[in-house]
Amino acid sequence: MRYLYYPGCSAEATGKAYDISTRALMGKLGVELVELDDWNCCGATSYFSVRELDSFAIAARNLAIAEKQGDEDLCVICNACYTTLAKTNRYMAESAEVREAVSGALGAVDRTYSGNKPVRHIMDVLVNDIGLEALGEKVTRRLTGLKVACYYGCQYSRPMGDFDDPEFPVTMDKFFQALGAEVITDFAGKAKCCGGMMMLTKEEGALRMCHELLKGAHDAGADVIVCACPLCEMNVEGYQPRVNKTFGTNFDMPVMYFTQLAGLAFGADPKQLAIDKQIVSCDRVVAAIPA
Amino acid sequence: MTELATTLEALAVHKQFCEDVLNMPGGEKIKICQQCGTCTGSCPTSYLMDWGPREIIAAFRAGMIDRVVKSNTIWLCTSCYSCTVRCPAGIKITDLMYELKRLAIKYDLAPKDGKAPAMTKYFIDSVHKHGRNHEVELMAKFMLTKDWGLPFKFAGTGLKLFTAGRLPLFAKNIRGRDELDKISAYLEAQEAKAQ
């Protein structure tokens, strides 16, 4: 199995551990990831706020490179990158204006794009290409007894809903159940917003969202929150001290990229999965997994 | 802040603004909003807004463009898409918020001291400079111009992030970063041609 791989900008900085653990996890599963050559920022939500056609066109530069580089699907780890790239395909298919503008803009830099490169979220690849049964068979260290709150975030399945429900996604729950974990399937915050960039522009609003998420996971008895987006991870993990200070709470909740916890189940060691890069120590999570 | 609807020029801007919104992909659906309020009820930040998304749509349709662009609403949208997936009329409300932000910037109506418009601008500057968003540069620029207190509030976590290697000081530049400028220049020229 082979995929083209788009890490995204955060994977080079605050979300480094997501990239490192993704490569380790996929290595353990025998999936080859070929990094997209000279990829650029997808544009994320900020770019849409300046010029819409520009945002589709710069996202499409990546898709044009992918189409030229290989026949494999493009695997994306960050929710925001995934939505931006998949949305570009969708809007190119739906709107002649977008299609013409993007084609013209790519033409100006000697590139072409048909609009047909499949953009796949890594969880979609794991659950639907490899399959839960095959995954279950490959587990070397089952996550027995570990209570996991799966935090999908907004742009995992909204607005596209291509591989999971936009309101109540379940793929990550099923994935961790296949790995033997006890998943908090009714975690109310699973697809709620972490506040995103608002953490910097309107902190009180974003802190309140993170507080609700942490409280929901904590009250449900979660040992760990797992994330599929670098921004979610950063807010829910990195801002715990600010949440505690603002709301008089005492959260000390381990937060991991889902690839880090999954990597442990497939026999990678914590160092390979960059678990030491987490701010809230995950030692007790690692120790809780039966050898 | 420009007072619209006071001069003929402003009236032309007003008209163009309305056309721009209705011409965005799916924009014409704004006409069939039934004012049910599902968007506002679904929005995690509506409690902070001057006007919820439902009211923004009502104000827009009533031609109250000043109210729409001067509200804090458009800058509080976090792009969670809850409204978009729930709207019974199929209005792409998140896209509408993007369009309104864009037009507020285009017609110079965004709040001058706003943190969110500055963040948006710095993000795009970083992408055009390096081809990728350099998070550290973005945060540093934002702190220097918009939030001096941030390094102090965030010092403990910032230090931990730094020592864990999660805040690289130097940006990686992609080879084709001039392509992004060319893409923007092309689209700008096309837009100028169309008007």
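Reading the values: the criteria
- Residues numbered from 1 in each chain as written.
- Chains lettered and ligands numbered in written order.
- Predicted model: local features only at pLDDT ≥ 70, side-chain atom pairs only at ≥ 80, totals over all residues.
- Heavy atoms only, no water.
- Domains from an automatic or database assignment.
- Contact = heavy atoms within 4.5 Å.
- Buried area = accessible area lost by both parts, 1.4 Å probe.
- Salt bridge = Lys/Arg side-chain N within 4 Å of Asp/Glu carboxyl O.
- Polar contact = N/O pair within 3.5 Å; in protein donor to acceptor, adjacent residues only side chain to side chain.
- Helix = DSSP H or I, 4+ residues; strand = E, 2+ residues; numbered from the N terminus.
- 1 Å grid on protein atoms, 1.4 Å probe; cavity = no way out; pocket = protein on both sides within 12 Å on 5 of 7 lines; lining within 4 Å.
- Points joined across faces, edges and corners; volume = space filled by probe spheres on them.
- Nonpolar A, V, L, I, M, F, W, Y, C, P; charged D, E, K, R; others polar.
- Expected span 1.5 Å × (residues − 1).
- Buried < 20%, exposed > 50% of the residue type's maximum accessible area, 1.4 Å probe, protein only.

**Student:** What exactly am I supposed to notice about the domain arrangement of chain A here?
**Tutor:** A common way to state how big an interface is: give the accessible area lost once the parts meet. All names here are of chain A. By the assigned domains, chain A splits into domain 1 (2–121) and domain 2 (139–288). Taking the mean C-alpha position of each, domain 1 and domain 2 sit 24 Å from one another. Listed as interface residues are 25 residues of domain 1 and, on the opposing side, 28 residues of domain 2. When the buried area of domain 1 at its contact with domain 2 is split by residue, Tyr 18, Leu 25 and Asn 79 rank highest and sum to 26% of it. On inspection of domain 1 and its partner domain 2, the count reaches 1 salt bridge. Note that Arg 90 and Asp 162 form a salt bridge whose closest N and O atoms lie 3.0 Å from each other. At the boundary of domain 1 and domain 2, one finds 5 residue pairs in polar contact (both at pLDDT 80 or more). Every element with two or more residues in the side of domain 1 that touches domain 2 is listed here: helix H1 (16–28), helix H2 (44–48) and helix H4 (79–94).

**Student:** Explain empty space enclosed by the protein to me, please; I cannot follow it from the model alone.
**Tutor:** The method is simple in principle: a probe with the dimensions of a water molecule rolls over the atoms, and the space it marks as empty is what remains. All names here are of chain B. Per the counting criterion, the structure on display carries 3 cavities of 30 Å³ or more. Taken as a whole, the second largest cavity encloses approximately 130 Å³ of empty space. Cys 43, Met 49, Pro 53, Cys 77 and Cys 83 are the residues nearest the centre of the second largest cavity, which is lined by 16 residues in total. When contributions to the lining of the second largest cavity are tallied by element, the ones reaching two or more residues are helix H2 (38–42), helix H6 (82–86) and helix H7 (93–106). With 3 residues, H7 is the single largest residue contributor to the lining of the second largest cavity. Residue composition of the lining of the second largest cavity, by class: 11 nonpolar, 5 polar and no charged.

**Student:** Explanation requested: H7(B) in the structure shown.
**Tutor:** It helps to recall that an α-helix has 3.6 residues per turn; residues three or four apart then point in one direction. Residue and element names in this part refer to chain B. For H7, with 14 residues, the first-to-last C-alpha span of 20 Å sits near the 20 Å given by 1.5 Å per residue. All of the buried residues along H7 are Ile 93, Thr 94, Asp 95, Leu 96, Met 97, Tyr 98, Glu 99, Leu 100, Lys 101, Arg 102, Leu 103 and Ala 104. Immediately beyond the C-terminal end of H7, within one or two residues, lies Asp 108, with a positive phi of roughly 60°.

**Student:** Can you walk me through the layout of surface pockets in this structure?
**Tutor:** The space that makes up the largest pocket amounts to roughly 790 Å³. Taken together, 26 residues make up the lining of the largest pocket; nearest its centre are Arg51(A), Leu53(A), Glu97(A), Asp20(B) and Glu191(B). Listed by contribution, the elements that provide at least two residues to the lining of the largest pocket are helix H3 (52–69) and helix H5 (96–107) of chain A together with helix H1 (8–23), H7 and helix H12 (177–194) of chain B. The biggest single contributor to the lining of the largest pocket is H12(B), with 6 residues.

**Student:** How do you make sense of the side chain of Asp95(B) when you look at a structure like this?
**Tutor:** With respect to the helices and strands, the residue Asp95(B) is situated in helix H7. Judged by its relative accessible area of 4%, Asp95(B) is buried. Those residues in contact with Asp95(B), other than ones at most four positions away along the chain, are Lys87(A), Tyr91(A), Met24(B) and Tyr81(B).

**Student:** Would you mind going over the interface of chain A and chain B with me for this structure?
**Tutor:** Counting from both sides, the interface comprises 68 residues of chain A and, opposite them, 62 residues of chain B. A combined buried area of about 5800 Å² lies between chain A and chain B, and 60% of that area is made up of carbon and sulfur atoms. Summed over the shared surface of chain A and chain B, the result is 11 salt bridges. Glu179(B) is the partner of Arg61(A) in a salt bridge, and the nearest nitrogen-oxygen pair spans 2.7 Å. Counting the contacts that link chain A with chain B gives 26 residue pairs in polar contact (both at pLDDT 80 or more).

**Student:** Any chance you could explain the domain arrangement of chain B here in plain terms?
**Tutor:** Taken domain by domain, chain B consists of domain 1 (8–106) and domain 2 (115–194). Here domain 1 of chain B and domain 2 of chain B have C-alpha centroids that lie 26 Å from each other.

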